[in-house]
Amino acid sequence: MPPKKKLAALVKVQLPAGQATPAPPVGTALGPHGVNIMDFCKQYNAATESQRGSVIPVEISIYEDRTFSFITKTPPAPTLILKAAGVDKGATDPSRSTAGSITRDQVREIAQTKLPDLNTDNLDAAEKIIAGTARSMGIEVK
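Cut-offs applied
- Residues numbered from 1 in each chain as written.
- Predicted model: local features only at pLDDT ≥ 70, side-chain atom pairs only at ≥ 80, totals over all residues.
- Heavy atoms only, no water.
- Helix = DSSP H or I, 4+ residues; strand = E, 2+ residues; numbered from the N terminus.
- Buried < 20%, exposed > 50% of the residue type's maximum accessible area, 1.4 Å probe, protein only.
- Contact = heavy atoms within 4.5 Å.
- Pairing = 2+ DSSP bridges.
- Expected span 1.5 Å × (residues − 1).
- Arc of directions from axis to C-beta.
- Phe/Tyr/Trp six-rings, centres within 6.5 Å; stacked < 30°, edge-to-face > 60°.
- Salt bridge = Lys/Arg side-chain N within 4 Å of Asp/Glu carboxyl O.
- Axes fitted to C-alpha atoms, helices over the stretch in contact; angles between N-to-C directions.
- Parallel < 35°, antiparallel > 145°, perpendicular 65-115°, else oblique.
- Nonpolar A, V, L, I, M, F, W, Y, C, P; charged D, E, K, R; others polar.

Trainee: Is there a simple way to explain the environment of Ile130 in this structure?
Mentor: For Ile130, the position within the fold is in helix H5 (residues 123–136). By relative accessible area, Ile130 is classed as buried at 1%. Separated by 52 residues in the primary sequence, Ile130 and Pro78 place their C-alpha atoms 8.5 Å from one another. Contacts of Ile130, omitting those with residues within four sequence positions, involve Ala77, Ile81, Val107, Ile110, Ala111 and Lys114.

The following block contains the structure:
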């Protein structure tokens, strides 16, 4: 078994799928750690090409020998909710106004997509998490 690499840093960034470039935020996040930014961009773009059009969070583990590995996550819940509701942004005052609405079926669909990244294995609990996020954005769940 090869010796385990020592972790130097863990960087989390949200990037458009298949469109990472060395410009900020990638360059500013990885530059100080001495990682080859173009290598990361090429690998990330190849890994997320199929999800083009979405924002995909990525967790980059940077090792002391300046190598890296990364894990892509599911798109952020608010992004999925806005897309399902067909609106550009949430309500400016969620307690008083609504920006749109989504159905229970859409909430279930989003919860199934997000399930691997949520801190629950129960789909009903995941639906409640997504419904709560929608409510806080001024999106009504019908």
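Right, picking up where we left off after that structure.
Trainee: Just checking my understanding: could you explain the pairing of strand E3 (residues 68–72) for this structure?
Mentor: Two faces make up the sheet, and in a regular strand the side chains alternate between them. As defined by bridge partners, strand E2 (residues 55–63) adjoins E3 across five bridges and the pair is classed as antiparallel. Considered in E3, the bridge of Ser61 is made with Ser69. Hairpin geometry of E2 and E3 is characterised by an intervening segment of four residues between the two adjacent antiparallel strands and by a positive phi of about 70° at Arg66.

Trainee: Is there a simple way to think about helix H2 (residues 37–48) in this case?
Mentor: With twelve residues, H2 should reach 16 Å at 1.5 Å per residue; the first-to-last C-alpha distance of 16 Å fits that figure. Taken residue by residue, H2 has Ile37, Phe40, Cys41, Tyr44, Asn45 and Thr48 as its buried positions. Mapping the buried residues of H2 onto a view down its axis gives an arc of 125°, with all of them on the same face. Away from the buried face of H2 by more than 90 degrees, exposed residues Lys42 and Ala46 are located. Check the buried side of H2 and you find it contacts strand E1 (7–16), helix H1 (26–30), E2 and E3.

Trainee: I keep staring at the packing of aromatic side chains and nothing clicks. Help me out?
Mentor: Note on aromatic pairs: each is described by the distance of the centres and the angle between the planes. Per the stated rule, a full pass over the model turns up one aromatic pair. Ring centres of Tyr44 and Phe70 lie 6.4 Å apart, and the angle between their planes is 55°; this geometry places the pair in the tilted category. One end of the pair, Tyr44, is in helix H2; the other, Phe70, is in strand E3, with 26 residues separating them in the sequence. By relative accessible area, which is 0% here, Tyr44 ends up buried.

Trainee: What am I meant to see in the pattern of salt bridges here?
Mentor: Opposite charge on two side chains permits pairing when their charged atoms draw close. A full pass over the atoms with the stated rule returns three salt bridges. One salt bridge connects Lys73 with Glu59, and the closest N-O pair in it is separated by 4.0 Å. Linking Lys73 in the loop between E3 and helix H3 (77–85) with Glu59 in strand E2, this pair joins segments that are 14 residues apart in sequence. The buried category is assigned to Glu59, whose relative accessible area is 18%.

Trainee: Just checking my understanding: could you explain the packing of H3 against H5 for this structure?
Mentor: When two helices pack together, their arrangement is given by the angle between their axes and by how far apart the axes lie. Orientation of H3 relative to H5, taken along the N-to-C sense of each, is 75°, at an axis distance of 10 Å. One element, H3, and the other, H5, form an angle in the roughly perpendicular class. Facing Ala77, Pro78 and Ile81 of H3, the residues of H5 in contact are Ile130, Thr133 and Ala134. Split into classes, the residues belonging to the contact of H3 with H5 amount to five nonpolar, one polar and no charged.

Trainee: What exactly am I supposed to notice about helix H4 (residues 104–114) here?
Mentor: The α-helix advances 3.6 residues per turn, and as a result positions three or four apart in sequence lie on the same side. Inspection of H4 places Val107, Ile110, Ala111 and Lys114 among the buried residues, and these make up the whole buried set. Projected down its long axis, H4 shows its buried positions confined to an angular sector of 100°, all on one face. Facing away from the buried side of H4, by more than 90 degrees, are the exposed residues Asp105 and Glu109. Buried residues along H4 sit against H3, strand E4 (100–102), H5 and strand E5 (139–141).

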